[in-house]
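# Secondary and tertiary structure notes
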Amino acid sequence: MISIVIPVLNEEQLVVRFLKELFQALKQTGERFEVVCVDDGSTDTTLEKLVDFHKKHTELKIISLSRNFGLQPALTAGLDYARGEYIVIMDADFQDPPQMVPFLIDKIKTTGADIVSAVRKTRNEKFIKKAYINLFHKIFDQLTSGQQIAQTGNFCILNKKAHKAMLQFSERGRYLPGIRNFIGFRHEFIMYDRPDRLEGEAKMTRVKLFSLAADAIYSFTKWPIRLCLYLGILGVITFSFAIVYTLASKFLGLAPIGWSSLFLAISFFGSLQLTFLGLIGEYIYRIFKEVQARPLYFVRDIYD
Ligand code: UDP
Ligand code: MG
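Nothing here was measured: the structure is a model prediction, and the numbers come from that model.

So, how was this worked out
Every chain is numbered independently, its residues counted from 1 as its sequence is written. All chains are assigned letters beginning with A, and all ligands numbers beginning with 1, in the order in which they are written. A pLDDT threshold of at least 70 governs which residues receive local features in this predicted model, and a stricter bar of 80 or more applies before side-chain atom pairs are shown or counted, although totals over entire chains, interfaces and linings include all residues. Water and hydrogen atoms play no part in the side-chain values, which are based on all heavy atoms of the structure. Helix and strand assignments come from DSSP, with helices taken as H or I runs of at least 4 residues and strands as E runs of at least 2, each series counted from the N terminus. Atoms counted for the radius of gyration: C-alpha only. Globule rule: 2.2 Å times residue count to the power 0.38. Only protein chains enter the accessibility calculation, which uses a 1.4 Å probe; a residue is then buried when its area is under 20% of its type maximum, exposed when over 50%, and partly exposed in between. For this analysis, residues touch if any pair of their heavy atoms sits within 4.5 Å. The donor set covers N, O and S atoms within 2.8 Å of the metal, switching to 3.2 Å for Na, K and Ca, and it leaves out water, so a site may look short of donors. Each pair of strands is called paired provided DSSP finds at least two bridges between the two strands. Helix axes use the C-alpha atoms of the stretch in contact, all axes being lines fitted to C-alpha atoms, and the angles between their N-to-C directions lie in the range 0 to 180 degrees. Note on terminology: angles under 35 degrees are roughly parallel, angles over 145 are roughly antiparallel, angles of 65 to 115 are roughly perpendicular, and the others are oblique. Only Asp, Glu, Lys and Arg are considered charged in this grouping, and only Ala, Val, Leu, Ile, Met, Phe, Trp, Tyr, Cys and Pro are considered nonpolar; every other residue, Gly among them, is considered polar. The rule for a residue being near a molecule or strand is that one of its heavy atoms must lie within 4 Å of it. Every accessible area reported is derived by Shrake-Rupley at a probe size of 1.4 Å, with residue values counting cover from the shown protein chains alone. Whenever a carboxyl oxygen of Asp or Glu lies within 4 Å of a side-chain nitrogen of Lys or Arg, that contact is scored as a salt bridge. As used here, the term nonpolar core means buried Ala, Val, Leu, Ile, Met, Phe, Trp, Tyr and Cys residues forming a set that is joined through side-chain atoms within 4.5 Å. Multiplying one less than the number of residues by 1.5 Å gives the expected span of a helix. This arc corresponds to the set of directions leading from the helix axis out to the C-beta atoms.

### Quick word on the overall build of the protein chain
When you go through the protein chain residue by residue, the secondary structure sums to 10 helices and 8 strands. Relative to the 2.2 N^0.38 estimate, which gives 19 Å for 304 residues, the radius of gyration of the protein chain is 25 Å and therefore markedly larger than a compact globule would have. Projected onto its principal axes, the C-alpha coordinates of the protein chain cover approximately 90 × 40 × 35 Å. Expressed as a percentage of its 304 residues, the buried residues of the protein chain come to 47%. For the protein chain, the share of sequence-separated contacts (at least 6 apart) that also reach a separation of at least 24 residues comes to 83%.

Structure follows, in structure tokens:
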């Protein structure tokens, strides 16, 4: 059986149309399937529409969360409840085209890979969004020395082994595409052109996207904390010259002129220390979240 995991938040405009096209694509493959739709606390009629659809199509399973927990917890819920031999993860806004699902299934079966990820060859998105997403991928790729695969998102298919491995992660600040690259296994790729969302506004707001990017960088690279060290060393080197200058001025009787270097030193080290404190604070916050180990999500209803 194939499971399709789909997180949805306020997608009333297109969820039914999406499911219809997905079901059509899946039926063509002749495979047995279940669609696990995770309703991430929608406040519009999305859940009613899903329940309606579920009444006519028993292959649709709905996991309705108790509130909006965010994309990553919603995906995790979907992965927790999916029972198939193969698991497909995709968005509900047609940016991951339903017509591509049969190709993913075919590719994982014919290549014997454990994971097949869809790589965005091109993107059709608003200019600014595209720019910062591309910037993120560039930086993330550099910082992880190519261990993370650039331009991959949620859209992928996993076999049982890879699925099991992904379920073992308990971290709160999670970035599932990163986890998928981290676990290894045999990983194949399909290139595709990512279209724009068909209807409505993006549900991953800018704030959510930036905090996801931060989670990805903090949990998969050591660079923020290492940057502190490097900046600190740079500061020490710079100001060892300043010390020589200050002492020299003092002994040459030019001391009063030194007030500017004093002022510079104080403000430089002051801001450096504040930056470090802030960065260390980020880590402490993340450690705190992990230690708290709160549940990632709560399920209110299951329609199965
Ligand atoms: N989504 C969700 N919870 C959230 C935000 C988004 O379940 O808090 C769903 C959304 O309904 C969509 C998918 O996640 O099916 C991707 O969201 P969106 O298209 O807004 O993000 P993009 O990746 O295109 O920026
Ligand atoms: Mg989208």
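Picking up after the structure, the text goes on.
### Quick look at the environment of Lys107
Mapping Lys107 onto the fold places it in helix 4 (residues 101-111). When the C-alpha positions of Lys107 and Glu188 are compared, they lie 8.3 Å apart, and in sequence the two are 81 residues distant. Setting aside its immediate chain neighbours within four residues, Lys107 contacts Gly112, Val116, Glu188, Phe189 and Ile190.

### Things to note about the coordination of the magnesium ion (ligand 2)
The magnesium ion (ligand 2) binds to the protein through Asp93 (OD) and Gln95 (OE1); the donor distances cover 1.9 to 2.0 Å. A relative accessible area of 4% places Asp93 in the buried class.

### Some remarks on unusual backbone geometry
The backbone of Ser145 shows a phi angle near 40°, a positive value even though the residue is not glycine. Its relative accessible area of 61% is what places Ser145 among the exposed residues. Positive phi values are uncommon outside glycine, yet Ala293 reaches one of about 50°. Among the structural elements, Ala293 can be located in the loop between helix 10 (259-292) and strand 8 (299-303).

### Some points on the sheet that holds strand 3 (residues 60-65)
Pairing within the open sheet is mixed, and its 8 strands lie in the order 7-5-6-4-1-2-3-8. The sheet is open, and its two borders are formed by strand 7 (187-194) and strand 8, each paired with just one other strand. Sheet twist, expressed as the mean angle between neighbouring strand axes with direction ignored, is 20°. Judged from the 4 bridges that link them, strand 1 (residues 2-8) and strand 4 (residues 86-89) form a sheet pairing that is parallel. Counted as the bridge partner of Ile4 is Val88 from strand 4. Each of strand 4, strand 5 (115-123) and strand 6 (152-159) touches helix 6 (residues 160-167); the most contacted strand, strand 6, lies at about 120° to it.

### Section: the packing of helix 5 (residues 127-143) against helix 8 (residues 206-220)
Two numbers describe how helix 5 lies on helix 8: the axes approach to 10 Å, and their chain directions differ by 5°. When the axis of helix 5 is compared with that of helix 8, the two are roughly parallel. Along the contact surface, helix 5 presents Lys129, Tyr132, Phe136, Phe140 and Leu143, while helix 8 presents Arg206, Leu209, Phe210, Ala213, Ala216, Ile217 and Phe220. For the contact of helix 5 with helix 8, the residue count by class is 10 nonpolar, no polar and 2 charged.

### Here's the deal with the site of ligand 1
Close to ligand 1 lie 19 residues, the nearest being Glu11, Asp40, Asp93, Gln95 and Lys203. Protein chains bury 96% of the 530 Å² of accessible surface belonging to ligand 1 in isolation. Along the lines of polarity and charge, the residues of the shell around ligand 1 split into 7 nonpolar, 3 polar and 9 charged.

### Comments concerning the environment of Lys138
Mapping Lys138 onto the fold places it in helix 5. Judged by relative accessible area, Lys138 falls into the exposed class, the value being 62%. Taking the C-alpha atoms as reference, Lys138 lies 7.2 Å from Ala150; in sequence the two are 12 residues apart.

### Focus on the pattern of salt bridges
Tallied over the entire structure, the rule returns 14 salt bridges. We note a salt bridge from Lys61 to Asp304, for which the minimum N-O separation is 3.9 Å. Here Lys61 is found in strand 3, whereas its partner Asp304 is found in the segment after strand 8, with 243 residues between them in sequence. Overall, Lys61 belongs to the buried group, its relative accessible area being 8%. For Asp304, a relative accessible area of 64% puts it in the exposed group.

### Re the nonpolar core
The biggest cluster of nonpolar side chains holds 36 residues, and the ones touching the most others in it are Ile4, Ile6, Leu19 and Val35. Those residues within four positions of Val35 in sequence are excluded, and the remaining contacts are Ile4, Ile6, Leu19, Leu22, Phe23, Leu26, Glu59, Leu60 and Lys61.

### Focus: helix 1 (residues 15-29)
Taking 1.5 Å of rise per residue, 15 residues should cover 21 Å, and helix 1 covers 21 Å from first to last C-alpha, within 8% of that figure. Taken residue by residue, helix 1 has Val15, Phe18, Leu19, Leu22, Phe23, Ala25 and Leu26 as its buried positions. Buried residues in helix 1, looked at end-on, bunch into an arc of 165°, giving them a common side. Those residues of helix 1 that are exposed and aimed more than 90 degrees away from the buried face are Lys20, Gln24 and Gln28. Looking at the buried side of helix 1, the elements it contacts are strand 1, strand 2 (33-39), helix 2 (46-56), strand 3 and helix 4. Looking one or two residues beyond helix 1, the residue adopting positive phi is Gly30, at roughly 75°.

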